[in-house]
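Each chain is listed here by its residues.
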Amino acid sequence: MGALPPKAVEAMIRKTRKSGKNIQLAALPYRIRKGKVQIMLITSRGTRQWIIPKGWPMEALKPHKAAAQEAWEEAGIVGTIEKHCLGQYRYRKTRGPLYGQKIRVLVFALQVEKCAKHFPEAGQRQRKWMSPQKAAKQIRIPELAEIVRDFAP
């Protein structure tokens, strides 16, 4: 899937809300070090799997801004987020009230400018920088691994 423009993303979110389906928004945190791309992965709180920061749409925020907010809350990172969705993946919830349901996740690239020591979910997650290839090998969700592996800012 190619990049989705902001209006298409907003329409998709409205449609999923009406149909009762679930959609989340994610940030793909990256930085350039010595000319090479690095991706930040975080662990999920429950299963401790390596993932990217994600969460539910927020009424007061545009989709890309909501993804950036999740990146702050879950990973303590701040930066410049792209307005266009760079890809999407699906996963099945393994915990909580939506257990067993398939969730669609829209991914937005976030160029990280700052990493905080203190943030809302500090102590609940680990975070780690790695190459896109190494990060993709750590991720259990094939579609997300492909997005990470193929990412080129």
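Values in this document were obtained by computation on a predicted structure and should not be read as measured data.

Enquirer: Explain the packing of aromatic side chains to me, please; I cannot follow it from the model alone.
Expert: Each aromatic ring pair is specified by the distance between its two centres and by the angle formed by the two planes. Scanning the entire structure with this criterion turns up two aromatic pairs. Between Tyr 89 and Tyr 91, the aromatic rings sit 6.4 Å apart at their centres with planes inclined by 40°, giving tilted as the arrangement. Taken as a pair, Tyr 89 and Tyr 91 share a single burial class, namely buried.

Enquirer: Any chance you could explain helix 2 (residues 63-75) here in plain terms?
Expert: For the α-helix, the turn length of 3.6 residues means that residues three or four positions removed from each other point alike. End to end, helix 2 covers 18 Å across 13 residues, agreeing with the expected 18 Å (1.5 Å per residue, within 8%). Those residues of helix 2 not exposed but buried are Pro 63, His 64, Ala 66, Ala 67, Ala 68, Glu 70, Ala 71, Glu 74 and Ala 75. Taken from the residues just after helix 2, Gly 76 is the one with a positive phi, measuring 70°.

Enquirer: Is there a simple way to think about the pattern of salt bridges in this case?
Expert: Charged atoms that come close allow side chains of opposite charge to pair. All told, the structure shown has four salt bridges when counted by the stated rule. Across the pair Arg 45 and Glu 121 runs a salt bridge whose closest N-O atoms are separated by 3.9 Å. With a gap of 76 residues between them, Arg 45 in the loop between strand 2 (36-43) and strand 3 (50-51) and Glu 121 in the loop between strand 7 (102-115) and strand 8 (127-130) connect regions that are remote in the sequence. Here Arg 45 falls in the partly exposed class, since its relative accessible area comes to 46%.

Conventions we followed
Residues numbered from 1 in each chain as written. Predicted model: local features only at pLDDT ≥ 70, side-chain atom pairs only at ≥ 80, totals over all residues. Heavy atoms only, no water. Phe/Tyr/Trp six-rings, centres within 6.5 Å; stacked < 30°, edge-to-face > 60°. Buried < 20%, exposed > 50% of the residue type's maximum accessible area, 1.4 Å probe, protein only. Helix = DSSP H or I, 4+ residues; strand = E, 2+ residues; numbered from the N terminus. Expected span 1.5 Å × (residues − 1). Salt bridge = Lys/Arg side-chain N within 4 Å of Asp/Glu carboxyl O.

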